[in-house]
Every structure is written in structure tokens, then in C-alpha cells.
Amino acid sequence: MKLDRFIIRAIVEFPNAILVFFVAFSIGAALLLPGLQRDPTPYLLPPSHESRVNLAKLRQNYTGANDSIIILLEAKKTVFNKRTLLRIKKMTAAFENIHLVTDKDREELLRLSRTAPVEVASKMHELAKGHIDSETWMRIDEIKEVLLSSPEGNQKILKALDTWMEKLSPVIKVTSLANTDNILGANGKLTVNPVFDEIPQTKEGLLQLEKQVQSNDLFKNILFSKGGKSTSIIIELGLGDDETQNRYLIYQQVKNIVENLVPGDEKEYIAGLPVVTGALGKVMEKDTQRLFPIVIFIVVASLFITFRQLKGVFVPLFVVLLSLIITLGLMVLFKIPLNIITTTLPVFILSIGVADGIHIFSEYRDNLASGYGRMESIEATLKHLTIPVIMTSLTTAVAFYAISMTRIIQLKHFGIFVSIGTIVAMLFSLFFIPALLVVLPEKNHKKTSNNRKEGSRFETAYADALVSMTKIFVNHPALTSFVAGIIFIVSIFGASKVLVDNNNAKYFLKDSTIYISTEKLNKDAAGSSVINLLIKTDSKEKEPFKNPENLKYVEELAAFVKTLPKVGKVLGLTELIKRINFVLNDEDPAFNRVPVHLDSGPGTKNLISQLLLLYENGGGDALSDFTDSDYRKLNIPVILQTNSSLDIYRLSHDVKEFAAKNFPDHLKVDLSGSASVSVAATDEIVSGQMISMIVSLGLVLIMLVFTFKRLSYATIAMVPLVMTISINFSIMGFFGIPLNIGTAIISSIVIGIGVDYSIHYLSRLKKNLDMGMDFSSALNNTVRRSGKAIVSNAFTVGLGFVALWFSILTPLIIMGWMITVTMLVSAVSTLALIPVLIIFVEKRANMKRKANEPRRLTLHPQQG
Amino acid sequence: MKKLFIITILCVFFTTGFTARGFAGPTAFEVVRKMDTREDGDTLTTDTLMILINKNKRKRIRNIKNIRKDYGPDTRGIIFFLSPADVRNTAYMSYEWDDASKEDDSWLYLPALRKVKRIASADKSGSFMGSDFTYSDINGIKINDWDYTFIKENVKERGFDTFVVRGLPKKELKEKVLKETGYLKTVMWIRKDNYMLVKGKYWVKKGHKIKYFKASDIKKVDDIWTACKLTMVTTKKGKVTHSSVLKFSNIRYNTVIDDATFTTRRMERGL
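Residues numbered from 1 in each chain as written. Chains lettered and ligands numbered in written order. Predicted model: local features only at pLDDT ≥ 70, side-chain atom pairs only at ≥ 80, totals over all residues.

K.L.:
Looking at this model, I keep getting lost on the overall build of chain B. Mind explaining?
P.N.:
A tally of regular secondary structure across chain B gives 5 helices and 13 strands. Along the longest, intermediate and shortest principal axes, the C-alpha atoms of chain B span 75 × 40 × 40 Å. The buried share among the 271 residues of chain B stands at 32%. Long-range pairs, those at least 24 residues apart, make up 45% of the contacts in chain B between residues at least 6 apart in sequence. (Helix = DSSP H or I, 4+ residues; strand = E, 2+ residues; numbered from the N terminus. Buried ≥ 20, exposed ≤ 12 C-beta atoms within 10 Å, placed from the backbone. Contact = placed C-beta atoms within 7 Å.)

K.L.:
Would you take a moment to explain the overall build of chain A for this structure?
P.N.:
Across its full length, chain A carries 29 helices and 12 strands. By residue count, 50% of the 864 residues in chain A fall in the buried class. Across chain A, contacts joining residues at least 24 apart in sequence account for 80% of those joining residues at least 6 apart.

K.L.:
Please clarify how the domain arrangement of chain A should be interpreted in this entry.
P.N.:
Size of an interface, as often reported, equals the accessible area lost when the parts are brought together. Domain annotation for chain A reports domain 1 (2-40 + 279-440 + 458-496 + 680-852) and domain 2 (513-672). Its C-alpha centre places domain 1 of chain A at a distance of 54 Å from the equivalent point of domain 2 of chain A. (Domains from an automatic or database assignment.)

K.L.:
Just checking my understanding: could you explain the interface of chain A and chain B for this structure?
P.N.:
The interface of chain A with chain B comprises 36 residues on the first partner and 30 residues on the second. For the side of chain A that touches chain B, the secondary structure elements donating two or more residues are helix H7 (136-149), helix H8 (155-168), strand E5 (189-194) and helix H21 (603-617) of chain A. The dominant element in the side of chain A that touches chain B, judged by the number of residues it contributes, is H21 of chain A, at 10 residues. Residue classes in the side of chain A that touches chain B are distributed as 12 nonpolar, 13 polar and 11 charged. (Nonpolar A, V, L, I, M, F, W, Y, C, P; charged D, E, K, R; others polar.)

K.L.:
Hey, could you run me through the pairing of strand E6 (residues 115-121) of chain B in this one?
P.N.:
For a regular strand, the rule is simple: side chains alternate between the two faces of the sheet. Of the pairings in the sheet, the one linking E5 of chain A to E6 of chain B comprises 4 bridges and is parallel in character. Across the sheet, residue Thr-191 of chain A finds its bridge partner in E6 of chain B, namely Ala-120 of chain B. Inspection of the sheet shows strand E5 (residues 105-110) of chain B paired to E6 of chain B by 5 bridges, in the antiparallel sense. Within E6 of chain B, the position partnered with Ser-106 of chain B by the bridge is Ile-119 of chain B. If you look at the hairpin formed by E5 of chain B and E6 of chain B, you'll find 4 residues sitting between the two strands, and Arg-114 of chain B has a positive phi there, around 50°. (Pairing = 2+ DSSP bridges.)

K.L.:
Help me understand the environment of Glu-175 of chain B, please; the structure alone is not making it clear to me.
P.N.:
All names here are of chain B. Assignment of secondary structure puts Glu-175 in helix H4 (residues 174-181). Residue classification places Glu-175 among the exposed positions, given that 9 C-beta atoms sit within 10 Å. Taking the C-alpha atoms as reference, Glu-175 lies 29 Å from Asp-70; in sequence the two are 105 residues apart.

K.L.:
When you look at the sheet that holds strand E2 (residues 68-74) of chain A in this model, what are you seeing that I'm missing?
P.N.:
The strands making up a sheet associate through hydrogen bonds between their backbones, and the pairing can be parallel or antiparallel. All names here are of chain A. The strand order across the open sheet built from 4 strands is E3-E6-E2-E7, with neighbouring strands paired in antiparallel fashion. The sheet is open, and its two edges are formed by strand E3 (171-175) and strand E7 (267-271), each paired on a single side. Shown here is a sheet whose adjacent strand axes are inclined to one another by a mean of 15°, direction ignored. Inspection of the sheet shows E2 paired to strand E6 (residues 230-237) by 7 bridges, in the antiparallel sense. (Axes fitted to C-alpha atoms, helices over the stretch in contact; angles between N-to-C directions.)

K.L.:
Looking at this structure, I do not really get the sheet that holds strand E9 (residues 529-537) of chain A. What am I missing?
P.N.:
Residues and elements named next belong to chain A. Judged by pairing direction, the sheet is antiparallel, and its 4 strands sit side by side in the order E10-E11-E9-E12 without closing on themselves. Each edge of the open sheet carries a strand with a single partner, namely strand E10 (567-570) and strand E12 (667-672). The sheet shows a mean angle of 25° between the axes of neighbouring strands, direction not considered. Two elements, E9 and E12, share 6 bridges in a ladder whose sense is antiparallel. Residue pairing for E12: Thr-537 is matched across the bridge by Leu-667.

K.L.:
Please clarify how the environment of Leu-31 of chain A should be interpreted in this entry.
P.N.:
Residue and element names in this part refer to chain A. On the secondary structure map, Leu-31 appears in helix H2 (residues 15-32). The exposure class of Leu-31 is exposed, given the 12 C-beta atoms found within 10 Å. In sequence terms Leu-31 and Asp-756 are 725 residues apart; their C-alpha atoms lie 34 Å from each other.

K.L.:
Mind showing me how you'd approach helix H6 (residues 118-129) of chain A here?
P.N.:
Structural remark: α-helix, 3.6 residues per turn; residues separated by three or four positions point the same way. Taking 1.5 Å of rise per residue, the 12 residues of H6 of chain A would be expected to cover 16 Å, and the 17 Å separating its terminal C-alpha atoms lies within 8% of that figure. Packed against the buried residues of H6 of chain A are helix H5 (103-113) and H7 of chain A. (Expected span 1.5 Å × (residues − 1).)

K.L.:
What is the right way to look at H4 of chain B in this model?
P.N.:
Residues and elements named next belong to chain B. All of the buried residues along H4 are Val-177, Glu-180 and Thr-181. Relative to the axis of H4, the buried residues are bounded by an arc of 75° and lie together on one face. Residues of H4 that are buried in the fold lie against helix H3 (135-139), strand E8 (160-169) and strand E9 (183-191). (Arc of directions from axis to C-beta.)

K.L.:
Honestly, unusual backbone geometry in this entry has me stumped. Any pointers?
P.N.:
Of all residues except glycine, most have a negative phi; of all peptide bonds, most are trans. For the bond from Ser-83 of chain B to Pro-84 of chain B, the omega torsion is 0°, close enough to zero to count as cis. Note on placement: Pro-84 of chain B falls in the loop between strand E3 (74-83) and strand E4 (91-96). With a phi angle near 55°, Lys-335 of chain A is a residue other than glycine that sits in the positive phi range. Summarising the element assignment, Lys-335 of chain A is placed in the loop between helix H12 (310-333) and strand E8 (338-339). We classify Lys-335 of chain A as exposed; it has 8 C-beta atoms within 10 Å. Backbone geometry places Met-129 of chain B, a non-glycine residue, at a positive phi of 55°. With respect to the helices and strands, Met-129 of chain B occurs in the loop between E6 and H3.

K.L.:
Help me understand the packing of helix H11 (residues 273-307) of chain A against H12 of chain A, please; the structure alone is not making it clear to me.
P.N.:
Residue and element names in this part refer to chain A. Running from N to C, H11 and H12 point in directions that differ by 135°, and their axes come no closer than 8 Å. Overall, the two elements H11 and H12 adopt an arrangement that is oblique. The interaxial crossing formed by H11 with H12 has right-handed handedness. The segment H11 lies against H12, with Val-299, Val-300, Leu-303, Phe-304, Thr-306 and Phe-307 engaging Gly-312, Val-313, Pro-316 and Leu-317. Tallied by class, residues from the contact of H11 with H12 come to 8 nonpolar, 2 polar and no charged. (Parallel < 35°, antiparallel > 145°, perpendicular 65-115°, else oblique. Left-handed = near helix turned anticlockwise from the far one by under 90°.)

K.L.:
Please explain the confidence of the model for chain B as it appears in this structure.
P.N.:
Should the pLDDT be low somewhere, the predicted coordinates at that spot are not to be read in detail. Residues and elements named next belong to chain B. Looking at chain B, pLDDT values average 86 and 90% of them are 70 or higher. A low-confidence stretch, residues 1-23 (pLDDT under 50), is modelled with 1 contact involving residues beyond four sequence positions or located in other chains. Predicted complex, confidence summary: ipTM 0.86, pTM 0.87. (pLDDT = per-residue confidence, 0-100.)

K.L.:
Whenever I open this one, the nonpolar core confuses me. Can you help?
P.N.:
Ranked by internal contacts, the top residues of the largest apolar core, which has 254 residues, are Val-254 and Val-638 of chain A. Ranked by residue count, the leading element in this core is helix H15 (residues 409-439) of chain A, at 16 residues. Counting contributing residues per domain, this core is built from domain 1 (2-40 + 279-440 + 458-496 + 680-852) and domain 2 (513-672) of chain A, each supplying no fewer than three. When sequence neighbours within four positions are dropped, the list of residues in contact with Val-254 of chain A reads Ile-69, Ile-71, Phe-95, Ile-235 and Ile-270 of chain A. Judged by nonpolar contacts, the second largest core, of 27 residues, contains Met-129, Val-177, Tyr-195 and Trp-203 of chain B. (Core = buried A, V, L, I, M, F, W, Y, C linked by C-beta atoms within 7 Å.)

K.L.:
Can you walk me through the environment of Ala-484 of chain A in this structure?
P.N.:
Inspection of the secondary structure assignment puts Ala-484 of chain A in helix H17 (residues 477-495). Sequence spacing of Ala-484 of chain A and Ala-832 of chain A is 348 residues, and the spatial spacing of their C-alpha atoms is 9.2 Å.

K.L.:
Please explain the packing of H12 of chain A against helix H13 (residues 345-369) of chain A as it appears in this structure.
P.N.:
Think of two packed helices as two axes; the pair is described by the angle between the axes and how far apart they sit. Residues and elements named next belong to chain A. At a minimum axis distance of 9 Å, the contact between H12 and H13 shows a crossing angle of 135°. Of the possible angle classes, the one that applies to H12 and H13 is oblique. The chirality of how H12 crosses H13 is right-handed. On H13, the residues touching Gly-312, Val-315, Pro-316, Val-319, Val-320, Ser-323, Leu-324 and Thr-327 of H12 are Leu-345, Pro-346, Ile-349, Leu-350, Gly-353, Val-354, Gly-357, Ile-358 and Phe-361. The residue makeup of the contact of H12 with H13, split by class, is 12 nonpolar, 5 polar and no charged.

See the structure below:
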């Protein structure tokens, strides 16, 4: 082999140069690391994705369509008591004043105030030092006005003030009992008044208030739920999609207000999409910091168990750490930020990258132990391992690269950089480790061999066990194949039960505040996520959605949606019209509906227009939440008591089916909203990963054909992979683990790492056979050498992913478990299936050979 | 030392300014009072074109007939919708009392229901007919609840000399003013020659909005200074979120208007 000779020559002649080169490269990369950016966007889809475009349009066309934080307050008996109402009032005011101004912003303003024109300097100073209240934004406007009227630029100050202005109003609207108008109708009189202005001081007053609120259907499950025991406060946020950090800051402030600034006896639950996404960004950041030392510990521990020697620990560890640094450095160089998925890069690169190092180092030590000198050992190691290391690393890299074939940018970056990391680790293992071994002193030779003896006793027993296990399979090829076939069929059955589902709220642990709060809102209030049903018509009529004919269909749809599972609240124009019609008719239940035909002609359409005019006239401002100004498009927000993309998908499906069955041709329903985006993202992930899996299987097969130059061997090498993947899916199917962003990439990982086992195993077996060994000694040798290495590797990689068990994010924990389990399944199916399949292939080949020329059965001594 | 010096200078400046005002022209409050009590006829009828423009620049247009009559310090008004056709003859009538303790009375007539409904609403800071104007913008604010100061005493606004007056709610009445108007602060440009409000800026507490008012097309009608076009633009963080234009035509002051105009029967009869 040319390549290994080249490497050997390079290492022997310029070991120092190689070390310096690699170290210099790593130092260069390390210097870049402070420039590593974070992109904590919760959106998995790019802004150009159809569902995101639709969401942006929704927000452009309707008010009230931004993501909201929801606070559920639960009193012991009823929230309609003096103390709770006062608390709600104070909280509402405090929420309205939530801001994002930081100490840094204050310092900046203070600094600028020193050079500012006299007439604004003191005001700026006051602003920078002062308390932020509901009028701060106005004072900023005053300063801006003075600056704008003066001829000098002061651009810097104006810019800083604009930043302040932006940061002072992250809240679009707060909706609570304390600031909502109630429309009531009785005795021929319509009353439009705040729910309460002054808090009633008498029992009767409070009771009346409670009755008035509960009589309004529009408030149900929002301003009151559980018969008045709880109430919600909704904070609509005007944040950009990528402001995850700010979502988190706002969540912290809401928490602080609820728990510390306006405390009370009521239990509080804070949930909603901004809370989930904001906290997710933060938790992932924390998680990486937590997992990194754990994975290092695991790698160190498994290296120590394998080698029982400091050098054995530190050489491979050093190598993977440098590989990680270089990979991250490359990310900085290409201006790729760390995202919610690539934060797991350290775990992947350390666990996968260390494998090559282990192989090289253990082969080297085996050679040393069998009496070779240092240089010979290094040479023999490289001769043996260069090609397998390159092939296994390339197949791993290819499989991970296949993950990047998706529109999900986070996965794209993940796939690309894990494969880069794998290649870097390979280069380190092939050049850096041998060069280091040349340079490092090789002391304690005796002690090492003492250890070796002790170790080798264990290792021999372990190898013997593997051999006898293999024998069982090989001696019963038909039974083994039969059992494998049964397992495969059962697995396919299990795999067919796998559900595609992603649930952001369930990313958090079951005992986390966010999980508990979200579940509480889903149980006792309208819910915690929103999907929007968008209805449009291509009718030529003017203002078609004032026509009761059309509204009838909309009302029917709304009524149908209310009957669907997990629906907590349906809003929309028809609900509003119903309420107005109801109160206008002295709250006669017969009128709690969209008006039907009064007489022939435009009578009812006019009535609806007039009801809406009445509503606007009474100060109602929700129309723009539900309709465009031409009444050609409607938005029906549906609050859902779930965050599961599967539930949302089912609901979308039911809605579309209902519309297809019941709507006339000119009415169309579309679904939008953040909930819809999450369904689209899940679809994209799953279909993308299914494609990546197929592509990587295909690529790996090509590479295997190239490696073995025989289709039969390549096919055999694929069998354990397919088996492992189906077992992986069946575990998910049987245990109800959904297919989501975490579990979808496991298949590609199985392919990437699992194929290495097939390659190691088959290439040694083939080599042995090609050298003329008889089948059983060839197999024996393969099991003793490669089989052992495979099991060790499965343990090392599997153990590496044990680090993920310590994550505080459920999908990562599940992913950790699944990878650990599938690594072991992969090793076992390689050891069990490959020899059996080879027997079949070789039997046929032998039969052919026998027909032509009898095979020479030369017994070679086992290679030690 | 330097700081102290500046403060002294400012004090001197301020006090001299203050005393100077004592001798020259009216105080800010007097200017506002003159604006508030400006001759506006005992009765008024107009046709109003109301244009509502949303942030996507979509327009909605309504035609309204207004009739107003003063009863001493109290006022009665009635509005009929002329168009769009589907709200034609919808009528809104209100009796406004000068006595603040008395809640205003209003009625609404929906022709499709052929029914007059009484409406009670304490909320005057709410939108007037879905426009950017509030009821308090249309009916006027209670100037005694506010403190007024001059920002500048002579500013040219579209060729005319104006007083620029800042209004802040009186400290003890702040809550009340907020409830009635929604405003934290106002700045008004008042013409010196006829005490007309020609420009205004209003800071709205809810939602951190700023509204810009402009009166234009100003002329004498029946010898009374009248702005035939009023614009109100609502902005948030410097961006326009909604705007409204009121255009008045067929303006007539001091015609004889029968008291029977302001009855529910008249509402039912329509135009």
C-alpha cells in the first residue's frame, strides 16, 4: 500500500515537523474560538420556508397573531376576590412595563450623555440612572425631539435612543381581567365597560362581577376557567423570530414579577411558545456546559479501562480535543454559528473521534507486547490500520454528511461539521498519534507488560467468549437466519407503529416548571399553543364575510373544531358576532348565534354590518384580529391544549377534511400559525432524514463494493446495518418513542458508525481467507482480533453517548439511550450475522471452485 | 464649580423668562382656554367623509351626517351614516353633560333591527367609530384637569404664528385623565390669530403610541373659523400603524335645529 508507506516515511523522517504542524493548526483554531457565535433560533425552518412565509403574512395581515406568554393564576376558591383582583391589576401594569434595557444600554447612554448637547445631557443622565416606568418611552421621545430640532447630527445618541425605544416596548398587548372591556346587555340597554374599574369592596359586588364575567362566552377558558377558580393573563410579544435571548429575558422578568414583585396566594403557571423557545435556547447552552465534562470523564474512563496507562488516556484524549478545537475553529472561519443541535458536537466528535485513536494505540501496544521494537510497532500498526481507519472514517463522514441533505439548517450544519470532525480526527490518528509515539519516551516497559499479562488474561477470556458465541451461530446457520428473520419481521411490525411527533414543551424534564405549567394550561385553561384557520373566498361579492350565507359555513366549521380533541378555545369573527347579537337581544339564549335571514334581500347582511359598526363604535378593537378590512379573508385562532405536532397535524387534517366535505367551492381553508410551523418542521425533519438514511445506505454500499470489490461481501456488510436500523425503529414503535429531530438522525448515526464494524470484520475475514486460511481459523482469528475491537468500540462509543443521559433535555436523553442501545445491537448483529452469511456465500463459492479447481487448504498459523 | 455655574445661569434664564411672560402676552392656560372656548356656533350640521387607513394602506370610507346643538354648557349630537349602503341610516345620538358626575347618555339605532338601543359606556378614551380619534378628541378634553406650559411662544406652522403649548395631566388627576383620554401628555400648536388648534401630538399610554393631529383646509364658514379636514395618524416606534381623515362639507353653523331632532323617534325615521 502506497499510502501507509507514505505516512510511515513522513512520520519516521519528520515527526517533529508533523507535531508542530498539527499543534500550530490547533493553536490557530483555538485562537479563533472566541469568535464562535450562537444562533439560538427556535425555528428549525428557514424564513423562506412556506410555513414561515405564511406565518409572517398572518402577522402582517392580522393583529394579535404574535406569540404570547400566558400566565394562569389559580386561587383556592375563586379569583373574584379583592386580593386576587388587586394582584391581577398590579401584575397587568407590571407586565405592560416589561422592558429589555440592560446595564450595558444604560452605560452606553451615560457615556454618550457626557458629550451630549447641554439641553439634553442631564435628561439623558437621568434616563440612564433612573427607574424605568410606563413613561420612560415618552421621555426618550422628548430627548429625540430636541436633538432632531438641532442642526448638528448627534447620530450616535439618536441611535442609542432608538435602541432604548425598541427595547422599552417588547410587549404589544397585555390582556387580563384588569384591562378588558365587557359588553353586557340587559333591559334594552347595552353596557360597554371595563370588567372592573374599581375593585368591588362588598361580597355582593364581587359576586356580581364574577357573574358578569362568567356570562361572557368570549372570556371562557381565558379570563376565567374552572368555574372562576383560575384566570389567565396573556402577554403578546412583538419580538423578531430570532430573538430567543430576549424571549428568555422577558420570561425571567415575568417570573420575577409573578413570584417576587407582585406575590400572592394564588398558584402561578407561566407557559406559552415564547417561554418554551426562550428557555430552550438557555437550557441548551447550559446543557452543553454540563455535558462536556461528563463526556470527557467518560472518554477518560473508557480509555483508562482499555489501556490502564496514562499515555493511553492522554494521547487519544488530546487528539480528539484538538480535533474538536479545529472543527469549531473551522465553524468560526466559515461564519457558522452554534445552534441548538450543533451544541451537541463535542459529544459526537469526542465519542466518534476517539475510536480511531483507540484502534491505532491498541494495535501499537499489541505489537509492542508481542516483542516488536517501537519503530517496528508503529510501522506494523500503520500498515495494518491505515486503510481500515481511512475507510471507516470516510463511511462515518459520508453517513453524517447525508444528514445535511435537508432544509433544516441546524441539521445541515450538524451533519457537515460532524463529518469534518471525523475526518480531522482521522488525520490526527494517522499522523499525529504515530508521530507522537515516535517522539514520546517509551518508559515503564516492564510494568506495562506486567499489566498486559494481567489484562491479556481477561482479554483472552473475553475473546474466547466471543469465539464460542460465534460458534453457536456458525454451527446453526439455518436457525440463526430463521431467528434473525423473525426478529426482522417483528421489527418491521414495530417500526410500522412509529409515530412522527415533536413536542417542544416535552423537551423539558417532567418535573421542570415549564413542563408542569404547560400541562396545567393544557388541562385547566384554553391551552398553550395556537393554530390559525385562514378562510378566504374568491366570491365576486363585496365584503363576502358579512354575508350570513358564508358566515354560516364559518360558524359550522368553528362549531366542528370545538368538538375536536385538545381544542381549548375557538375565537374569530363569528364568535364576536354571536356575542354582539346576544347582548343586543338582552342576552336571550335564542340569539346566541350569527343572525339568520331576517327577510329576503340584504337585510341580514346589513344587520351584520351594523352589528360590527356597533362593536367598533363601542370601542371594540378585535376586528383586525379576525378579518382583513375587505372582509374577504378571515382568521380563526384556535387555542390548543397540546404542543404535540402529531395532535396538531391530526387537527389540521380533520379541518381540511371537514372543509372539503362541507364548504362550497369558493371557500378555502388554510392553516397557519406557530403550531403549523412546528408541524411543517417535523415533516421536513422526518422526510429529510428518511432520504438521508436511504442516501447514506446507498453511498455506504458503493463504498463497500469499492472496498471489497465483491457485491456479495458488500451486501453482507449491509445486513447488520439494516437489521440494526429496523430494531432501532421497532424499539421506538414498541416503547412509543416518537420520531422527531433527535430520533430521526439516529439511523444515519447507526449507518455511519455501524458500517465500521462490518468493514473491520469483513476485511479481516476476507484478508485471512485470501491469504489461504481455512474458514474456521480465518473466522477464529477475525473474531479474536476484529470481533474484540468491535465490541470495545461499541462500548466506547455507546458509553460516550451515555453522557447524553445526563442532559436536561428529554430528546437528548432519549437519543443517548437509543444510540447506546443501537451501538450494542449493531455490534451483536455484526458478530452474529456476518459469519453466518459468509458461510452461505463461501459455500456457494466453494461449490463453484470445487467444480473448477479444488481449493488449496493450507493451514496457516494464527497471526499473533 | 462649572456645574453650579450652569445651574445659576439656567435659573436666571428661567426666572427672567418667567417674569417676562408676566408682562407680555397670555399664559399657556389662557391660550388653551381661548382655544377651548373659541366660537363654534350654537348649532352645526356637516357631512363628514371618514377615511380609515390601516397599516397595509387599505382604506375604508364612510359618509356621515352630523348634527349638533348646544344646550347651554351641555351638548346634544346625532350622527346618521349615509354610506356604505349596508349601514345606511344607522344612527348614533348622544347627550353630553357638562356636569362631570353625570354619565353621558347615548343611543344607537340599527335599521336592520329597527331597534333603538341605549348604550352606556364610561370609556371616552376608546376609538371614535373605529378611527384614530377618540371620543375625547372629538368632544374636547376638560382643560381644567391639565397643567399647561409654553414650549415655544412663536413658531411658524404652515405660515402662521403659533403658540406651542405642552399639557400634562395635573398630578392628582392623572389617573382620571388617563381613564378619560388615554393620554400621558399633549403638545398643541395653537394659531395666534384665531386660537385654532392646527397641530397636535399626543402620547398614548396604552401600547406606547404617539398620535399626530393636523387640522387643515382652514377657512371661515358662516364667519366661524373652521378646519375642513382633520387628520390623526397613530404611530408606534416611529412607524405608522393606522390613520384617519375626517373631511367636512356642507358645513352650516347656527341654523335653526328643532329639539325633536335629538329624539329616538328621529333616529328611527332616518334621513
